[in-house]
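This is what each chain is made of:
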Amino acid sequence: MKPTLIRPGGLSQSASTSLVTPLMPSVAYASETPDQLDDQYEGRAQGYTYAREGHPNADVLARRIDAMEDAPQPGMMVGSGMAAVTAVLLGLCKAGDHVVGGDQLYGRSLRMMRDDLPRLEIDTTLADPTDVQAVEKALRPETRLVLIEVVSNPTLRIADLAGIADLCRARDVLLVVDNTFTTPRAVQPFAFGADVVLHSVTKLLAGHSDVTLGWVAARASGHAKAIYDFAVTTGLTPSPFDCWLAERGLMSFDLRFDRAETTAARLAEHLGQHPKVKRVLYPTRPDHPDRARAQGLLKGRGCNMVSFELDGTRAAANAFTKAADRIAFAPTLGDVGTTLSHPASSSHRALSSDQRAAMGLSEGFFRVSVGLEDPDALFSVFDAGLAAVGENA
Ligand SMILES: *Cc1c(COP(=O)(O)O)cnc(C)c1O
């Protein structure tokens with residue numbers, strides 16, 4: 001057999017321009033000379049070296065999300081929304097620091113506050129982000145950052161983003177906003193003064209429940225570098241294929257968001273008129289506790305999430321999901337299809353029933369992530385589910 005090189009023709013260059021971003025799964029990137037590598041590592045030249053440090057599909061996607069969030073510095077893609085939370089908390093904090101978190105953060109973020117940060121000698125306090133005084137009371141001289149979400153899950157309370165941003169600025173504390181629920185279509189936290197914004201791209205931005213990804217960007221280049229270095233050192237960087245798929249999903253994000261939001265507002269109204277529904281939570285409803293703030297912050301818009309409560313027990317919840325089985329009963333949100341979640345048996349199952357009751361999460365409480373179905377077809381599935389409630393109970 002004639003000896004040959006693995007790549008006898010060198011590296012291929014396409015002669016045509018592809019309409020679609022090419023998928024680049026390469027782990028390593030070749031350089032011409034050590035001088036060229038020096039230039040790349042010292043920031044004098046652009047280029048890739050090794051995929052964990054960065055790759056083209058991640059950068060193409062990150063630039064798109066940067067533009068949507070109007071990010072002051074280029075952001076980066078990481079392997080999940082939780083990887084973004086981790087990179088921020090551990091990239092920016094050290095032992096002895098203190099962190100304040102919203103008291104209704106995403107479940108795993110709460111767990112990081114309660115279990116992981118204290119284990120690393122980073123003390124944490126949870127505070128109600130709808131009440132700026134409660135957040136102020138939680139601050140200490142050693143508080144490094146405040147982490148909030150704008151719309152809480154699953155009760156859809158609206159944080160006092162402007163008030164907390166002013167407080168953080170006055171007290172020289174970093175404000176970190178997880179903008180997954182609201183998305184830049186509704187709120188751009190950098191415009192309010194956030195220092196760091198992050199996303200679970202897994203949800204609405206990618207939108208098709210086929211990738212797990214996160215994005216994070218910082219206002220200050222020093223913070224961006226600290227987050228980047230931590231993420232790269234600890235291997236939080238994402239797969240090219242996931243970035244490529246998410247870029248495809250992102251193409252239709254605006255249309256998907258607007259459609260889902262319009263249907264969600266109608267669903268909230270539909271459920272609100274149903275005799276078996278005790279309570280509906282939606283930011284633009286007149287009975288929403290933070291309606292005035294939602295009006296200002298979300299510019300009169302809602303979101304794709306609706307929560308509602310049946311007057312009932314676990315049996316009623318079981319009857320509803322069984323009869324409404326054409327809607328996926330699944331613990332995610334932001335998918336093209338409507339999904340239904342039941343906090344008492346999933347996201348909030350670790351809490352006692354008293355703790356859940358204090359948050360207004362009874363056995364009859366459901367959260368709906370509205371998708372792109374025909375609204376009337378969707379409402380008829382809800383009606384079928386509601387018709388089954390209490391029938392044999
Ligand atoms: C899902 C979610 C996360 C975590 O994202 P993953 O991509 O699942 O790691 C963080 N924050 C919020 C608000 C979320 O909904």
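If you're wondering where the values come from, they're calculated on a predicted model, not measured in any experiment.

A. Looking closely at the overall build of the chain. Looking only at helices and strands, one finds 15 helices and 12 strands in the chain. The C-alpha atoms of the chain give 23 Å as radius of gyration, which agrees with the globular expectation for 393 residues (21 Å, within 12%). By principal-axis analysis of the C-alpha atoms, the chain measures approximately 75 × 55 × 40 Å. The buried share of the chain, reckoned over its 393 residues, is 50%. Within the chain, contacts between residues at least 6 apart in sequence are counted, and of these 72% link residues at least 24 apart. Accessible surface, the chain as shown: approximately 18500 Å² in total, 52% of it carbon and sulfur. Side chains of the chain carry 39 positive and 47 negative charges; the gap between the two charge centres is 3 Å.

B. Inspection of the site of the ligand at higher detail. What surrounds the ligand is the set Ser80, Gly81, Met82, Tyr106, Glu149, Asp178, Thr180, Ser200, Thr202, Lys203, Leu213 and Leu333. Taking lysine 203, its side chain carries an N or O atom lying 2.7 Å from an oxygen atom of the ligand. In isolation the ligand exposes 380 Å². Once the protein is present, 92% of that is buried. In terms of residue class, the shell around the ligand is made up of four nonpolar, five polar and three charged.

C. Examining the sheet that holds strand β11 (residues 339-341) more closely. In spatial order, the strands read β8-β9-β12-β11-β10; together these five strands make up an open sheet with mixed pairing. Of all the strands in the sheet, the pair left with one neighbour each is β8 (277-281) and β10 (328-329). Direction of pairing for β8 relative to strand β9 (residues 305-310): antiparallel, over a ladder of four bridges. Across the sheet, leucine 281 pairs through a bridge with serine 307, a residue of β9.

D. Spatial organisation of the domain arrangement of the chain. Looking at the chain, the domain boundaries give domain 1 (34-250) and domain 2 (253-387). A straight line from the C-alpha centre of domain 1 to that of domain 2 covers 27 Å. Contact residues are listed per partner, giving 29 residues for domain 1 and 32 residues for domain 2. Viewed at the interface, domain 2 and domain 1 are joined by three salt bridges. One salt bridge connects aspartate 254 with arginine 185, and the closest N-O pair in it is separated by 3.4 Å. Our count for the contact surface shared by domain 1 and domain 2 stands at 16 residue pairs in polar contact (both at pLDDT 80 or more). Of all elements in the fold, only α7 (183-186) and α10 (240-250) reach the threshold of two or more residues within the side of domain 1 that touches domain 2. Take the side of domain 1 that touches domain 2: its biggest share by element is three residues, from α7.

E. Inspection of the packing of helix α2 (residues 56-69) against α10 at higher detail. Packing of α2 against α10 brings their axes to within 8 Å, and their N-to-C directions diverge by 35 degrees. Handedness of the α2/α10 crossing: left-handed. Here Asn57, Ala58, Val60, Leu61, Arg64, Ile65 and Met68 of α2 come into contact with α10, specifically with Pro240, Cys243, Trp244, Ala246, Glu247 and Leu250. In terms of residue class, the contact of α2 with α10 is built from 10 nonpolar, one polar and two charged.

F. Geometry of helix α15 (residues 375-388). Helix length check: α15 (14 residues) gives 20 Å between terminal C-alpha atoms against 20 Å at 1.5 Å per residue, within 8%. For α15, every residue scored as buried is listed here: Pro375, Leu378, Phe379, Val381, Phe382, Gly385, Leu386 and Ala388. In the core, the buried residues of α15 are packed alongside α11 (253-272), β8, β9, α13 (314-323), β11 and β12 (365-369). Its side-chain oxygen 3.2 Å from the backbone nitrogen of aspartate 376, aspartate 374 forms the N-cap of α15. Backbone geometry just downstream of α15 places glycine 390 in the positive-phi region, at approximately 80 degrees.

G. Seen up close, the environment of leucine 386. Within the fold, leucine 386 resides in helix α15. With a relative accessible area of 0%, leucine 386 lands in the buried category. For the pair formed by leucine 386 and phenylalanine 320, sequence separation is 66 residues and the distance between their alpha carbons is 5.8 Å. Apart from the residues lying within four places of it in its own chain, the contact partners of leucine 386 are Leu271, His274, Lys276, Val277, Leu310 and Phe320.

H. Fine view of the packing of α11 against α15. At a closest axis distance of 11 Å, the pairing of α11 and α15 adopts a crossing angle of 35 degrees. Helix-helix and strand crossings are classified by hand; for α11 and α15 the assignment is right-handed. Between α11, through Arg259, Thr263, Arg266, Leu267, His270 and Leu271, and α15, the contact on the second element is made entirely by Pro375, Asp376, Leu378, Phe379, Phe382, Asp383 and Leu386. Residue composition of the contact of α11 with α15, grouped by class: seven nonpolar, two polar and four charged.

I. Seen up close, the pairing of β12. In terms of burial, β12 is largely enclosed, as five of its five residues are buried. A two-sided burial pattern is seen for β12, the buried positions comprising Phe365, Arg367 and Ser369 on one face and Phe366 and Val368 on the other. With five bridges joining them, β9 and β12 adopt antiparallel strand pairing. Bridge assignment links valine 306 to a residue of β12, and that residue is valine 368. Bridge analysis of β11 against β12 gives three bridges, and the strand direction is antiparallel. Looking at the pairing, serine 341 lines up with arginine 367 of β12.

J. Inspection of the side chain of threonine 263 at higher detail. As for its position among the elements, threonine 263 is in helix α11. Those residues in contact with threonine 263 that sit more than four places away from it in its chain are Val370, Pro375, Leu378 and Phe379.

Criteria and thresholds
Residues numbered from 1 in each chain as written. Predicted model: local features only at pLDDT ≥ 70, side-chain atom pairs only at ≥ 80, totals over all residues. Heavy atoms only, no water. Helix = DSSP H or I, 4+ residues; strand = E, 2+ residues; numbered from the N terminus. Rg over C-alpha atoms; globule rule 2.2 N^0.38 Å. Buried < 20%, exposed > 50% of the residue type's maximum accessible area, 1.4 Å probe, protein only. Contact = heavy atoms within 4.5 Å. Areas by Shrake-Rupley, 256 points an atom, 1.4 Å probe, with all protein chains shown as cover. Lys, Arg positive; Asp, Glu negative; His and termini not counted. Charge placed at Lys NZ, Arg CZ, Asp CG, Glu CD. Near = heavy atom within 4 Å. Polar contact = N/O pair within 3.5 Å; in protein donor to acceptor, adjacent residues only side chain to side chain. Nonpolar A, V, L, I, M, F, W, Y, C, P; charged D, E, K, R; others polar. Pairing = 2+ DSSP bridges. Domains from an automatic or database assignment. Salt bridge = Lys/Arg side-chain N within 4 Å of Asp/Glu carboxyl O. Axes fitted to C-alpha atoms, helices over the stretch in contact; angles between N-to-C directions. Left-handed = near helix turned anticlockwise from the far one by under 90°. Expected span 1.5 Å × (residues − 1).

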